[in-house]
Amino acid sequence: MARALNEGLRKAMEADPKVLVMGEDVGKLGGVFRVTDGLQKDFGEDRVIDTPLSESGIVGTAIGLAMRGFRPVCEIQFDGFVFPAFDQIVSQLAKLRYRSSGNVRMPVTIRIPFGGGIGAVEHHSESPEALFCHVAGLKVVSCSNPVDAYFMIQQSIASDDPVIFFEPKRRYWEKAEVDPAMTPDPIDAARVVRPGRDVTVVAYGPMVKTAMDAATAAEKEGRELEVLDLRSLSPLDDATLLESVRRTGRCVVVHEAAGNGGLGAEVAARVSEAAFYSLEAPVLRVTGLDTPYPPSRLEETYLPDLDRVLDAVDRVLAW
Amino acid sequence: MAVGDSFVTAGDLDVAGLTARERDPDLVQLLTPEGERVHHPDYDVSLSDADYRSLYRDLALVRRVDVEATALQRQGELGIWASLLGQEAAQVGSGRALAPDDMVFPTYREHGVAWCRGVDPMVLLGLFRGVNLGGWDPAVHNFGLYSIVIGAQTLHATGYAMGMQRDGGDKNAVVAYFGDGASSQGDVNEAFVWAAVYNAPVVFFCQNNQWAISEPLERQTRIPLFKRAHGFGFPGIRVDGNDVLASYAVTKKSLEDARSGQGPTLIEAFTYRMGAHTTSDDPTRYRLASELEAWKLRDPLERMKSFLYKQQIVDQSFFTALDAEADELARRLRTGCREMPDPEPLAIFDHVYADGSTHLDTQRAGFESYLDSFADTAEETR
């Protein structure tokens with residue numbers, strides 16, 4: 001997946017000389033996850049900018065560059081480091097178009113490697129996506145596989161709206177063939193990645209693989225799980241979500257972020273509001289715990305895994 | 001005794017930085033508070049009489065805009081107003097030093113700079129009345145939106161300047177306006193770092209008006225603000241912000257430096273906020289009346305007026321004509337402000353996304369029918 005992102009960035013930079021890549025260590029080092037590997041060598045220091053260690057500065061200057069007609073792609077090195085840039089993202093980047101009555105475009109993409117499962121120290125494993133989904137003016141997306149990574153990064157860069165692009169860091173090494181000639185799905189569309197008739201398991205980013213593993217395991221017990229990859233977290237693709245839940249009658253939402261106020265609550269609310277009479281059971285959430293992200297020796301306890309997903313599936317089926 | 005002397009001689013009188021300022025040999029001043037023209041080896045200007053008149057005209061009209069807006073707020077026509085009273089020279093001086101293609105990133109009190117950029121004051125009134133959040137197009141006037149979050153725009157300015165570098169040539173530069181309070185913000189200090197390491201063509205124009213709402217300069221810094229620049233690796237200059245000529249000269253020189261590849265400059269315009277922070281503020285709770293009186297003697301308009309008279313650049317008819325022009329402007333603002341229509345309710349959904357949003361379209365449609373349901377009810381009961 002890291003390679004697919006790299007290729008996607010390269011493609012976007014080739015297509016438009018206004019596309020810039022900026023962040024800490026994105027140049028010579030190629031990023032701490034090597035997502036920007038080789039880009040500075042080929043596009044120069046003016047387009048692949050090694051920045052000061054200054055997250056608010058990265059996003060704040062990207063805003064100025066966007067006002068000048070550039071399309072900056074910012075890398076925030078780790079999820080937990082985005083908070084110093086939060087004001088620039090929430091109060092500035094998200095709102096400038098609205099504040100200017102539509103006169104200002106903000107084609108800025110902010111890439112954030114997110115989520116746990118890699119044994120990192122604190123502030124390196126967080127899932128802050130719901131904080132951004134709550135903010136009007138931002139698009140929030142997450143890829144779960146190399147094909148989406150390749151196309152979605154290009155779609156994000158091409159958008160005239162700011163996009164928060166969450167990359168599931170523990171899936172960077174997932175492998176798949178990418179056919180650059182194929183026509184990708186729209187960036188705001190959810191996708192049924194595995195059809196099934198019994199329960200809709202809603203996931204995104206790193207949890208799609210977990211959901212798929214759960215579906216494979218459940219199959220052995222004669223249960224057909226439908227796995228839905230949201231892909232776009234804001235806006236949510238209500239149509240695809242509701243169509244699936246109306247068919248299966250049951251819904252389990254899975255994410256690594258804490259449950260309280262999380263995206264699962266939004267999914268559950270929308271399903272309840274729009275598909276109440278199709279439901280055979282309450283919508284259940286399988287999420288990270290409502291604690292800070294723990295030390296890494298406890299992260300397997302914190303993170304939703306196959307067993308917790310299957311347990312929730314059991315409970316909605318037993319209703 | 002000349003009006004200004006008291007501040008020089010009265011060593012114990014510590015009036016919002018005035019004592020320190022008067023003893024600062026680094027202060028760039030081209031016009032004394034008494035309207036005497038003085039010269040400076042590095043920053044001097046030679047302007048025509050027409051220029052001098054025009055600078056005074058801007059000062060006077062900008063002050064009138066401010067006075068009218070404050071009155072309109074008191075009459076309930078504006079939700080709030082951030083007065084620039086006392087800061088006219090810093091703003092008009094720096095604003096007039098800009099080339100048309102230079103870019104400005106203001107904070108929320110830069111009505112004088114907006115004036116110099118050709119932004120209709122009516123548009124500013126719209127923002128404070130609440131009909132929009134700042135409806136002007138930054139690209140039309142090269143004047144960015146007002147930034148309410150203090151200091152955030154200094155990073156935008158730096159990024160924009162980096163964009164100018166990438167567009168090739170150093171023909172233009174950027175000015176970022178902020179205040180003494182904002183100098184404490186992380187963003188401003190990050191902007192200094194960025195501008196320095198990339199040698200960005202940006203001028204940081206800090207209007208040190210001595211007060212961040214109720215907090216005095218001593219709560220923001222223990223060294224003069226302009227001296228901070230040195231630590232970031234670029235020059236800092238302190239200019240008499242109540243002196244329109246010095247503000248003009250220093251800004252012009254700093255912009256030229258930026259354009260010629262010499263990187264950023266920090267200008268500290270030493271001035272004073274004569275009014276309240278905003279119309280919601282009560283400065284009598286935190287500052288002495290004597291301080292205001294002391295600063296009144298340094299009024300930026302009075303010293304320019306005095307200069308114009310002394311140099312016989314104008315006669316009374318100039319001021320009579322200017323007063324009439326200001327009255328006409330004030331009339332236009334009063335009428336225009338009161339006649340400004342409220343936006344349509346559904347305009348709340350406009351301009352959230354460039355690409356549009358199915359979700360918002362749905363919400364908009366739902367909200368529209370909800371609003372329409374009141375009309376139906378009214379018709380049914382009729």
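Residues numbered from 1 in each chain as written. Chains lettered and ligands numbered in written order. Predicted model: local features only at pLDDT ≥ 70, side-chain atom pairs only at ≥ 80, totals over all residues. Heavy atoms only, no water.

### Some remarks on the pattern of salt bridges
Inclusion rule: Basic side-chain nitrogens of Lys or Arg form a salt bridge, by our definition, when they fall within 4 Å of a carboxyl oxygen of Asp or Glu. Elements are defined by DSSP. Helices are runs of H or I of four residues or more, strands are runs of E of two residues or more, and each kind is numbered from the N terminus. Summary of the burial criterion: residues with accessible area below 20% of their type's maximum are buried, those above 50% are exposed, and those between are partly exposed, where the area comes from a 1.4 Å probe applied to protein chains only.
Per the counting criterion, the structure on display carries 49 salt bridges over all chains. E256(A) serves as the salt-bridge partner of R170(A), at 2.6 Å between the closest nitrogen and oxygen. Within this pair, whereas R170(A) is found in the loop between β6 (163–168) and β7 (191–194), its partner E256(A) is found in strand β11 (residues 251–258), the two being separated by 86 residues in sequence. In this structure, D327(B) engages R64(B) in a salt bridge whose closest nitrogen and oxygen atoms are separated by 2.8 Å. A residue pair is termed long-range when its members are at least 10 positions apart, and D327(B) in helix α14 (residues 316–339) and R64(B) in helix α3 (residues 49–74) qualify at 263 residues. Accessibility expressed as a relative area gives 33% for D327(B), which makes it partly exposed. Overlapping salt bridges bring together D16(A), R71(A), R105(A) and D160(A) as one network.

### Overview of the confidence of the model for chain B
Low pLDDT means the predicted coordinates in that region are not meant to be read closely. All names here are of chain B. The condition that has to hold: On a scale of 0 to 100, pLDDT captures the predictor's confidence in every residue. Two residues form a contact once any of their heavy atoms are found within 4.5 Å.
Averaged over every residue, the pLDDT of chain B is 92; the share at 70 or more is 93%. Note on residues 1–13: pLDDT under 50 across the span, and 18 contacts to partners over four residues away in sequence or across chains. Across the assembled chains, the prediction reports ipTM 0.95 with pTM 0.94.

### As for the layout of surface pockets
Put simply, the rule reads: The way it works is a 1 Å grid over only the protein atoms, where trapped points that fit a 1.4 Å probe form a cavity and open points with protein on both sides within 12 Å along at least five of seven lines form a pocket, and then any residue with an atom within 4 Å of a point lines it. Grid points are joined across faces, edges and corners, and a volume is the space filled by probe spheres set on the points. Classification convention: Asp, Glu, Lys, Arg as charged; Ala, Val, Leu, Ile, Met, Phe, Trp, Tyr, Cys, Pro as nonpolar; all other residues, Gly among them, as polar.
For the largest pocket, the calculated volume is near 430 Å³. Elements that contribute at least two residues to the lining of the largest pocket include exactly α6 (129–133), β10 (232–234) and α10 (263–275) of chain A together with α15 (358–381) of chain B. Considering every element that reaches the lining of the largest pocket, the biggest residue donor is α10(A), with four residues. Tallied by class, the residues present in the lining of the largest pocket amount to twelve nonpolar, seven polar and two charged. By volume, the second largest pocket is sized at about 360 Å³. Of all the secondary-structure elements, those providing two or more residues to the lining of the second largest pocket are α1 (2–15) and α7 (146–158) of chain A. In terms of residue count, α1(A) provides more of the lining of the second largest pocket than any other element does, four residues in total. Looking at the lining of the second largest pocket residue by residue, the classes come out as eleven nonpolar, no polar and five charged.

### Re the nonpolar core
So the rule is basically this: Nonpolar cores are built from buried Ala, Val, Leu, Ile, Met, Phe, Trp, Tyr and Cys residues. Side-chain atoms within 4.5 Å join them into one set.
Counting 151 residues, the largest nonpolar core has I89(A), I110(A), Y56(B), L125(B), F204(B), M304(B) and L308(B) as the members making the most contacts within it. When residues of this core are assigned to their parent elements, the largest contribution, ten residues, is made by α3(B). Ignoring sequence-local partners within four residues, the contact set of L308(B) consists of Y52(B), R53(B), Y56(B), I313(B), V314(B), F318(B) and F319(B).

### Some words on the packing of aromatic side chains
The criterion, for reference: To pair, rings of Phe, Tyr and Trp, with the six-membered ring standing in for Trp, must have centres within 6.5 Å; the planes then decide the type, stacked if under 30 degrees apart, edge-to-face if over 60, and tilted in the middle. A ring is considered to have a charge above it if a Lys NZ or an Arg CZ atom is located within 6 Å of its centre and within 35 degrees of its normal.
Enumeration over the complete set of coordinates arrives at 36 aromatic pairs over all chains. Both rings, one in F349(B) and one in F367(B), keep their centres 6.1 Å apart while their planes meet at 65°; by these two values the pair is edge-to-face. Within this pair, whereas F349(B) is found in the loop between α14 and α15, its partner F367(B) is found in helix α15, the two being separated by 18 residues in sequence. When the ring of Y370(B) is compared with that of F374(B), the centres are 5.1 Å apart and the planes differ by 85°; the resulting orientation is edge-to-face. With Y370(B) and F374(B) both in helix α15, this residue pair falls four residues apart, about one helical turn. Residue F374(B) is classed as partly exposed on the basis of its relative accessible area, which comes to 49%. Members of the aromatic cluster, connected to one another through ring pairs, are F33(A), F78(A), F81(A), Y172(A) and W173(A). A cation sits over an aromatic face here: K18(A) above F70(A), 4.3 Å from the ring centre. Positioned above the aromatic ring of F319(B), the side-chain terminus of K305(B) is 5.1 Å from the ring centre.

### Some points on the pairing of strand β7 (residues 265–270) of chain B
Residues and elements named next belong to chain B. Stated formally: Following DSSP output, two strands are said to pair if at least two bridges run between them. If you view a crossover with the strands going away from you and the path from the first strand over the helix to the second runs clockwise, you call it right-handed.
The buried fraction of β7 is high, at six of six residues. Of the two faces of β7, both are covered, the one formed by T265, I267 and A269 as well as the one formed by L266, E268 and F270. As judged from the six bridges shared by strand β3 (residues 202–208) and β7, these two strands associate in the parallel manner. Bridging across to β7, N208 finds its partner in F270. Bridge count between strand β6 (residues 236–240) and β7: five bridges; the pairing is parallel. Bridge assignment links I237 to a residue of β7, and that residue is I267. In this fold, the crossover linking β6 to β7 by way of helix α11 (residues 244–259) has right-handed handedness.

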